[in-house]
Amino acid sequence: MKNIWIAALVILMGSCAGEMVPQSQIPNRAQTNLQTQYPSAQNVEWSKKRKDKVTTYTATFKNNGEKMKVTFNEQGNMLQ
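Residues numbered from 1 in each chain as written. Predicted model: local features only at pLDDT ≥ 70, side-chain atom pairs only at ≥ 80, totals over all residues. Heavy atoms only, no water.

**Some details on the overall build of the chain**
Point 1. When you go through the chain residue by residue, the secondary structure sums to 2 helices and 4 strands.
Point 2. Along the chain direction, N to C, the helices and strands of the chain fall in the order α-β-α-β-β-β.
Point 3. In the chain, which comprises 80 residues, the share counted as buried stands at 28%.
Point 4. In the chain, the share of contacts with a sequence separation of at least 24, taken over all contacts with a separation of at least 6, comes to 37%.
Point 5. Total accessible area on the chain is roughly 6,100 Å²; 52% of this is exposed by carbon and sulfur atoms. (Helix = DSSP H or I, 4+ residues; strand = E, 2+ residues; numbered from the N terminus. Buried < 20%, exposed > 50% of the residue type's maximum accessible area, 1.4 Å probe, protein only. Contact = heavy atoms within 4.5 Å. Areas by Shrake-Rupley, 256 points an atom, 1.4 Å probe, with all protein chains shown as cover.)

What follows is the structure, given as structure tokens:
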């Protein structure tokens, strides 16, 4: 029974995080807005999440040594 709970938790955690996607699948405007707002961003990793027919893209990166996360909508506008 314990293994079932662990498996369910792992699946749930994976579905909340979104799927990692290559930069080539990220809207150009989102990439441009990230570079404009955070020109020192390094080690950028993108993830994509779809919920209730809405797709968002999240960039996780380091900016001046601080780990940051920014989310964009399908049009490339920054949400948070």
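**Description of helix α2 (residues 28-37)**
Point 1. Residues of α2 that are buried: Ala30, Gln31 and Leu34. Down the axis, α2 shows its buried residues gathered within 100° of arc, on one side only. What points out from α2, more than 90 degrees from its buried face, is the exposed set Asn28 and Thr36.
Point 2. Those residues of α2 that are buried are in contact with β2 (41-51), β3 (54-63) and β4 (66-72). (Arc of directions from axis to C-beta.)

**Concerning the packing of aromatic side chains**
Point 1. With the rule as written, the count across this model stands at 2 aromatic pairs.
Point 2. When the centroid spacing of 5.2 Å and the interplanar angle of 55° are considered together, the rings of Tyr38 and Phe61 count as tilted. Of this pair, Tyr38 sits in the loop between α2 and β2 while Phe61 sits in strand β3, and the two are 23 residues apart along the sequence. For the pair Tyr38 and Phe61, one class covers both residues: buried.
Point 3. Ring geometry for Trp46 versus Phe72: centroids 5.8 Å apart, planes at 45°, classification tilted. Of the two residues, Trp46 sits in strand β2 while Phe72 sits in strand β4, which places them 26 residues apart along the sequence. Assigned by exposure class, Trp46 and Phe72 land together as buried. (Phe/Tyr/Trp six-rings, centres within 6.5 Å; stacked < 30°, edge-to-face > 60°.)

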